[in-house]
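Below, each chain spelled out in residue letters.
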Amino acid sequence: MASHGVRGGRSGGRPTLEEVAVRAGVGRGTVSRVINGSPRVSDATRAAVEAAVAELGYVPNTAARALAANRTDSIALVVPEPETRFFAEPYFSDMLRGVGAELADTEWQLLLIFAGSDRKRQRLADYLSAHRVDGVLLVSVHADDPLPDLLERLEIPAVISGPRSAGETLTSVDSDNYGGGRSAVEHLIARGRRRIAHITGRPDVYGAQRRVDGYRDALRGAGLEVDELLVEPGDFTEEGGRRAMSALLSRRPDLDAVFAASDVTAAGARHSLRDAGRRIPHDVALVGYDDSAIARHMDPPLTSVRQPIEEMGRAMIDLLLSEIADRRPAGTRGLERRHAVLATELVGRESS
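Calculation rules
Note on numbering: residues in each chain are counted from 1, in written sequence order. Whole-chain, interface and lining totals are the exception, using all residues; otherwise, since this is a predicted model, local features are given only for residues with pLDDT of at least 70 and side-chain atom pairs are given and counted only at 80 or more. Side-chain measures were taken over the full set of non-hydrogen atoms in the model, leaving aside hydrogen atoms and water. What makes two strands pair is DSSP finding at least two bridges between them. Working definition: helices are DSSP H or I runs of at least four residues, strands are E runs of at least two. Numbering for both runs from the N terminus. Axis definition: a line fitted to C-alpha atoms, limited for helices to the stretch in contact. Angles are taken between N-to-C directions and run from 0 to 180 degrees. We call two residues in contact when some of their heavy atoms are within 4.5 Å. Think of a salt bridge as a Lys or Arg side-chain nitrogen and an Asp or Glu carboxyl oxygen that are within 4 Å of each other. To sort residues, take the accessible area from a 1.4 Å probe on protein chains only and compare it with the maximum for the residue type: under 20% means buried, over 50% means exposed, and anything in between is partly exposed. Helix span, expected: 1.5 Å multiplied by one less than the number of residues in the helix. Per-residue confidence from the prediction method is given by pLDDT, with values spanning 0 to 100. Each crossing is labelled by how the near helix is turned from the far one, with a counterclockwise turn of less than a right angle marking it left-handed and a clockwise turn marking it right-handed. Under the convention adopted here, Pro, Cys and the residues Ala, Val, Leu, Ile, Met, Phe, Trp and Tyr are nonpolar, Asp, Glu, Lys and Arg are charged, and Gly plus all remaining residues are polar. For the purposes of this section, nonpolar cores are sets of buried Ala, Val, Leu, Ile, Met, Phe, Trp, Tyr and Cys residues that join through side-chain atoms within 4.5 Å.

### Focus: the sheet that holds strand S3 (residues 135–139)
Whenever strands of a sheet pair, they do so through backbone hydrogen bonds, lying parallel or antiparallel.
Okay, so step 1: Read from one edge of the open sheet, six strands run S2-S1-S3-S4-S5-S11, paired in parallel fashion. At either end of the open sheet lies a strand with only one pairing partner, and these are strand S2 (109–114) and strand S11 (339–342). Taken over all neighbouring pairs, the strand axes of this sheet differ in orientation by 20° on average, direction set aside.
Okay, so step 2: Sheet analysis places strand S5 (residues 171–175) next to S11, joined by four bridges and oriented parallel. Across the sheet, the residue bridging to Ser-175 is Leu-342, located in S11.
Okay, so step 3: On top of the sheet, helix H6 (residues 90–103) reaches strand S1 (74–79), S2, S3 and strand S4 (158–161); it is set at about 155° to S3, its chief contact.

### What about the pattern of salt bridges?
Close approach of charged atoms allows side chains with opposite charge to pair.
Okay, so step 1: As enumerated under the stated definition, the model contains 25 salt bridges in all.
Okay, so step 2: For Arg-97, the salt bridge is made with Asp-94, and the minimal N-O distance between the two is 2.7 Å. Placement of both Arg-97 and Asp-94 in helix H6 is noted, with a separation of three residues, approximately one turn of the helix.
Okay, so step 3: Take Arg-97: its relative accessible area is 43%, and that puts it in the partly exposed class.
Okay, so step 4: When the shortest N-O distance is used, the salt bridge between Asp-145 and Arg-121 registers 3.2 Å. Placement of Asp-145 in the loop between S3 and helix H8 (147–154) and of Arg-121 in helix H7 (residues 118–129) is noted, with a sequence separation of 24 residues between them.
Okay, so step 5: You can call Asp-145 buried: its relative accessible area is 3%.
Okay, so step 6: Under the relative-accessibility criterion, Arg-121 is labelled buried at 18%.
Okay, so step 7: One network of salt bridges, in which partners are shared, links Arg-195, Asp-227, Arg-252, Asp-254 and Asp-256.

### Details of H6
Okay, so step 1: Between the first and last C-alpha of H6 there are 20 Å, a value that for 14 residues agrees with the 20 Å anticipated at 1.5 Å per step.
Okay, so step 2: Buried residues of H6: Pro-90, Tyr-91, Phe-92, Asp-94, Met-95, Gly-98, Val-99 and Leu-103, and no others.

### Some words on the sheet that holds strand S9 (residues 285–290)
Okay, so step 1: Strand order in the open sheet formed by six strands is S7-S6-S8-S9-S10-S12, with mixed pairing between adjacent strands. The two strands at the open ends of the sheet, each matched to only one other strand, are strand S7 (231–232) and strand S12 (345–347).

### Some words on the pairing of S1
Okay, so step 1: Counting buried residues in S1 gives six out of six residues, a clear majority hidden from the surface.
Okay, so step 2: Here S1 shows a buried face lined by Ser-74, Ala-76 and Val-78 and a second buried face lined by Ile-75, Leu-77 and Val-79.
Okay, so step 3: In the sheet, S1 pairs with S2 via six bridges, with the strands oriented parallel. Directly across from Ala-76, in S2, lies its bridge partner Leu-111.

### What about the confidence of the model for the chain?
Okay, so step 1: Overall, the prediction assigns the chain a mean pLDDT of 86, with 89% of residues at 70 or greater.
Okay, so step 2: Ignoring residues within four places in sequence, the model shows residues 1–11, a span with pLDDT below 50, making 20 contacts including any to other chains.
Okay, so step 3: Taken together, the stretch residues 328–335 has pLDDT below 50 and engages in five contacts with residues farther than four places along the chain or on a different chain.

### Notes on the packing of helix H9 (residues 177–190) against helix H10 (residues 206–221)
Okay, so step 1: One can describe the packing of H9 onto H10 by two numbers: an axis separation of 7 Å at closest approach and a directional angle of 40°. In terms of crossing hand, the pair formed by H9 and H10 is right-handed. Seen from H9, the contacting residues are Asn-177, Tyr-178, Gly-181, Arg-182, Val-185, Glu-186 and Ile-189; seen from H10, they are Gly-207, Arg-210, Arg-211, Asp-213, Gly-214, Tyr-215, Asp-217, Ala-218, Leu-219 and Gly-221.
Okay, so step 2: Residues that form the contact of H9 with H10 fall into these classes: six nonpolar, five polar and six charged.

### With respect to the nonpolar core
Okay, so step 1: Core analysis: the biggest nonpolar cluster contains 37 residues, and Met-245 and Leu-255 have the highest contact counts within it.
Okay, so step 2: For this core, the elements supplying multiple residues, two or more each, are H9, strand S6 (196–199), H10, helix H11 (238–251), strand S8 (257–260), helix H12 (263–275) and S9.
Okay, so step 3: In this structure, Leu-255 is in contact with Arg-195, Ala-197, Leu-230, Met-245, Leu-248, Leu-249, Arg-278, Asp-283 and Val-284, ignoring residues within four places of it in sequence.
Okay, so step 4: With 25 residues, the next largest nonpolar core counts Phe-86, Val-139, Ala-315 and Leu-319 among its residues.

### Examining unusual backbone geometry
Okay, so step 1: In this model, Ile-280 is joined to Pro-281 through a cis peptide bond whose omega is 5°.
Okay, so step 2: A cis amide bond, omega 0°, links Asp-299 with the succeeding residue Pro-300.
Okay, so step 3: Relative to the helices and strands, Pro-300 resides in the loop between helix H13 (293–297) and strand S10 (303–306).
Okay, so step 4: If you check the backbone angles, His-131 has positive phi at about 50° while not being a glycine.
Okay, so step 5: Looking at where His-131 falls in the secondary structure, it is placed in the loop between H7 and S3.
Okay, so step 6: For Glu-155, which is not glycine, the phi dihedral falls at a positive 60°.
Okay, so step 7: With respect to the helices and strands, the residue Glu-155 is situated in the loop between H8 and S4.

Now the structure itself:
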């Protein structure tokens, strides 16, 4: 008598992972990687496995698979900043959009965790120590943040958005902050500006340091003096941009251009410039960084360095899933850390 079990299963019951592997002509581990959304599979292999899954009617037993593999099927996006900053700055929403888009067709669950205070960091440390997630994405990490070292001690796969230093030990994804900063200043120089100020990002953020390096090298490359009175620390916020611009105007009222480390900072600088009666760009040209919606909607529209934030989010997920799918003993994983750097692009508008 013919079996009326699930179609394609040799046992007449629920098809197994092994049966999918045989049908696709691949190993069991390859099938598992495809089902888990790992990027470490060729398009042809992925298509063969997906066809076998469809033919057999295979349905992954998520709970059993996670338990057997000591897996949670969840990833944490950790933001060591206050919630107010997360919702105020387009950088974070663009990053989240890229991460979410890359996970949309997988079974992975994404947890958004804020760790902007010592108390929240401790709660997060306890949570991670219990291995309740399979991997972590770290966004906006400062040089002295203890979370990356904790992740390494716990041997939890992790990818960081922007390295903490040139010697970063975690896998990282970043934009070309040096090149972006240099292109912003070269653009201003090409427009005839000579007394170019810079409002930096947070001094303890490596990406902000690299933008300062690009600023200084662009001036030197054009034979211009690097005047430290034209450099004012900021913190990527609008209020920080307002304060920094006021300080710069009091020290160097003859400045004729400003490169701000973020669009949000540039928006704050614009307020101070207008309060001081300076016209943009007639008296002072203004360039931001991020090419966010803020840049497009400012008056006048803001010239800005575009960093591909959504693409960075996608790249972070690709690298993290690769680390999760291809676990190595702790002593060898550290030798395979990867550092992806995505290109930036200057987008010219009326502010410069």
